[in-house]
Amino acid sequence: MGLLSDPVRRRALARLVLRLNAPLCVLSYVAGIAWFLALAFPPLTQRTYMSENAMGSTMVEEQFAGGDRARSLARDFAAHRRKSGALPVAWLERTMRSVGLEVYTQSFSRKLPFPDETHERYMVSGINVYGILRAPRAASTESLVLTVPCGPDSTNSQAVGLMLALAAHFRGQIYWAKDIIFLVTEHDLLGTEAWLEAYHDVNITGMQSSPLQGRAGAIQAAVALELSSDVVTSLDVAVEGLNGQLPNLDLLNLFQTFCQKGGLLCTLQGKLQPQDWTSIDGPLQSVQTLLLMVLQQASGRPHGAHGLFLRYRVEALTLRGINSFRQYKYDLVAVGKALEGMFRKLNHLLERLHQSFFFYLLPALSRFVSIGLYMPAAGFLLLVLGLKALELWMQLHEAGVGPEEAGENPPHPLTQGVGLASLVAPLLVSQAMGLALYILPVLGQHVATQHFPVAEAEAVVLTLLAIYAAGLALPHNTHRVVSTQAPDRGWMALKLVALIYLALQLACITLTNFSLGFLLAASMVPAAAITKPSGPRALYAALLVLTSPAATLLGSLFLWRELQEAPLSLTEGWQLFLATLAQGVLEHHTYGALLFPLLALGLYPCWLLFWNVLFWK
């Protein structure tokens, strides 16, 4: 305490902090990036293991042999769908009843905030069909779900056929202790969201749907199935859900275990598991898989129908059958046996999956990184903001202790305080720009289409870009209404507030969605740390623009396609960027994705504060 209360010692400490601040910031940032890249290497990545005792063994005998029946049902489903041009509801009801299920339907409709040009829909209406297999020796208190989403562009007929064949097989067994729901949804995720809201008796997204006539018990787990062919070469698993949620790791371990038992080739992010971890090739491949997962999770999009189940505390994942040019081929019997084994082990659960991890990263399907090992990477990046904030705080309270004059002239007492009222104008204008970015694009789409020859979706995107660009011109003029008696201390105080604001936002985001928080911190922290109104202003401005939220999104798209070995040209990248903007706004209003409001209401206004600091006069 004497060190802080003694003015002489306090100034000495301030000089030391100011002198070492820049190298400490550089070291901390490099340590954060290096720690993240090291997560793909064996010292930090661990082998997956089963934590739930009820699923610790695969000693079940899979008896499914309905491959021919599944193919026949798939052909019938595809034929009826082509004939009707929509989901063949009557055929599904008749077929499900024939195998002994309780069959119910649910109609739903949804008017999107603006037309979805990717899927070519605006006024959406459809019907979900589901059948319930009642457990013969239980009171319908718990249930499992096998769902097949059917979109307008892909029929997913093989998955429907396999699901119905599995229902017929499950109906003949007597060991079920949980109800099993076989669900076929129309319009992909819209149908899934309508069914989930009705099942849990909530209305989160404004979906109009009929109430469910039949219910089972509380849903313990769900599996979404997507098959593109009668023959698959591998099963790819998707785990990323809405707003970056992940299923319990034991559910993924269960899938991998039965794939290994049945000899099925399983992939993650479309990548095979590294075989040789002793050479550099294995860790490099795991770095690619890790980056792909981080980019997918950071987007906040549900990468499959399972992603919407996670919001209701239902552990779920999506299995996609891939038919490529690989040598080994598997028919529907092999896939059906893997699903049968998974459901039989889930049937043994006495409580919800909870013993394994909910926060993790996957550099490979057989390896994971726990939250305790990956959080230091973000911590090092956020430490840079803390160090810069501490430097500004000391400069504001210890006049004349700058690095250039430390130790020469004795500090003189402060003659001018920093009025907090001087920060009100830039804070209010920046936050108002973020509010306009969030509200006006959807509300003003009809006005834009009346005055300009553009469609509604194009009007939303163009309004987004226009407001985003307008923010570059407005905030840096707000300081003209501020007292100019102490201009240096004015921008320092504003930057101090901006640093604290950014650090709090990134810390909160990182706790819930590490991937999003880390990507934003890796891109925004360097520019936020070095921005000031003196020095090479053009260089600082270029760096700020290149690390803005929009530029980070654009760069992430290019990196994502590069890692998928499908690189984009500049024109293709820009078109994908515009489509992603429209989808981000649409998914926020349709499913409740939080990426758009986080960027518009939080990070964009905060970034404008640094832009304000740069052009402070």
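Treat the numbers as computed from the prediction; the structure is a model and nothing was measured. (Residues numbered from 1 in each chain as written. Predicted model: local features only at pLDDT ≥ 70, side-chain atom pairs only at ≥ 80, totals over all residues. Heavy atoms only, no water.)

1. Description of the overall build of the chain
Moving on, step 1. Looking only at helices and strands, the chain has 20 helices and twelve strands in total.
Moving on, step 2. At 28 Å, the chain has a C-alpha radius of gyration in line with the 25 Å of a compact globule built from 617 residues.
Moving on, step 3. C-alpha extents for the chain along the principal axes are approximately 90 × 60 × 45 Å.
Moving on, step 4. Taking as baseline every contact in the chain between residues at least 6 positions apart, the subset at least 24 positions apart corresponds to 81%. (Helix = DSSP H or I, 4+ residues; strand = E, 2+ residues; numbered from the N terminus. Rg over C-alpha atoms; globule rule 2.2 N^0.38 Å. Contact = heavy atoms within 4.5 Å.)

2. A few points about the UniProt feature "transmembrane region" (unreviewed entry) in the chain
Moving on, step 1. In the numbering adopted here, UniProt assigns the feature "transmembrane region" (unreviewed entry) to residues 20-41, 357-385, 418-440, 452-474, 494-527, 539-560 and 594-616.
Moving on, step 2. This span, residues 494-527, is 97% helix and 0% strand, and a straight line between its end C-alpha atoms measures 15 Å.
Moving on, step 3. Secondary structure over residues 539-560 splits into 91% helix and 0% strand, and the C-alpha atoms at its two ends are 27 Å apart. (UniProt positions renumbered as here; feature names shortened; annotations may be inferred.)

3. Points about the sheet that holds strand 1 (residues 46-47)
Moving on, step 1. Taking strand neighbours across the sheet as the criterion, the three strands line up as 1-12-11 in an open arrangement whose pairing is antiparallel. Taken across any chain shown, the strands that pair with only one partner, and hence form the sheet edges, are strand 1 and strand 11 (360-364).
Moving on, step 2. Pairing of strand 1 with strand 12 (residues 367-370), which is carried by two bridges, proceeds in the antiparallel orientation. Note that in strand 12 the partner of Arg47 across the bridge is Arg367.
Moving on, step 3. Of the strands in this sheet, strand 1, strand 11 and strand 12 touch helix 11 (residues 371-397), which is tilted by about 60° from strand 12. (Pairing = 2+ DSSP bridges. Axes fitted to C-alpha atoms, helices over the stretch in contact; angles between N-to-C directions.)

4. Examining empty space enclosed by the protein
Moving on, step 1. Throughout the structure, instances matching the rule amount to two cavities of 30 Å³ or more.
Moving on, step 2. In this structure, the largest cavity encloses a volume near 40 Å³.
Moving on, step 3. Considering the residues around the largest cavity, the lining is formed by Leu268, Lys271, Leu272, Gln273, Pro274, Thr289, Pro363, Ala364 and Leu365.
Moving on, step 4. Empty space within the second largest cavity amounts to approximately 30 Å³.
Moving on, step 5. Together, Met524, Ala527, Ala528, Leu544, Thr547, Trp607 and Phe610 line the second largest cavity.
Moving on, step 6. For the lining of the second largest cavity, the secondary structure elements donating two or more residues are helix 16 (514-530) and helix 20 (595-614).
Moving on, step 7. Counting residues per element, the lining of the second largest cavity draws most heavily on helix 16, at three residues.
Moving on, step 8. For the lining of the second largest cavity, a count of residues per class yields six nonpolar, one polar and no charged. (1 Å grid on protein atoms, 1.4 Å probe; cavity = no way out; pocket = protein on both sides within 12 Å on 5 of 7 lines; lining within 4 Å. Points joined across faces, edges and corners; volume = space filled by probe spheres on them. Nonpolar A, V, L, I, M, F, W, Y, C, P; charged D, E, K, R; others polar.)

5. Examining the layout of surface pockets
Moving on, step 1. Estimated volume of the second largest pocket: approximately 610 Å³.
Moving on, step 2. Lining the second largest pocket are 25 residues, with Lys388, Glu391, Lys495, Ala529 and Lys532 sitting closest to its centre.
Moving on, step 3. Of all the secondary-structure elements, those providing two or more residues to the lining of the second largest pocket are helix 2 (7-38), helix 11, helix 15 (487-512) and helix 16.
Moving on, step 4. Element by element, the count of residues in the lining of the second largest pocket is highest for helix 2, at six residues.
Moving on, step 5. Residue composition of the lining of the second largest pocket, grouped by class: 16 nonpolar, four polar and five charged.

6. Structural notes on the domain arrangement of the chain
Moving on, step 1. When cut into domains, the chain gives domain 1 (53-365) and domain 2 (377-400 + 419-615).
Moving on, step 2. Domain 1 and domain 2 are separated by 37 Å when their C-alpha centres are compared.
Moving on, step 3. Across the boundary between the two partners, domain 1 contributes 32 residues, which contact 32 residues of domain 2.
Moving on, step 4. In total, about 2,700 Å² of surface goes out of reach between domain 1 and domain 2, with carbon and sulfur atoms giving 63% of it.
Moving on, step 5. The largest per-residue losses of area from domain 1 upon contact with domain 2 belong to Phe114, Asn243 and Leu295, which jointly make up 24% of the total buried on that side.
Moving on, step 6. Run the count over domain 1 and domain 2 and you get two salt bridges.
Moving on, step 7. Ionic pairing is found between Arg301 and Glu587, a salt bridge with its closest N-O pair at 2.8 Å.
Moving on, step 8. Inspection of the region where domain 1 meets domain 2 yields eight residue pairs in polar contact (both at pLDDT 80 or more).
Moving on, step 9. With nine residues, helix 8 (residues 281-299) is the single largest residue contributor to the side of domain 1 that touches domain 2. (Domains from an automatic or database assignment. Buried area = accessible area lost by both parts, 1.4 Å probe. Salt bridge = Lys/Arg side-chain N within 4 Å of Asp/Glu carboxyl O. Polar contact = N/O pair within 3.5 Å; in protein donor to acceptor, adjacent residues only side chain to side chain.)

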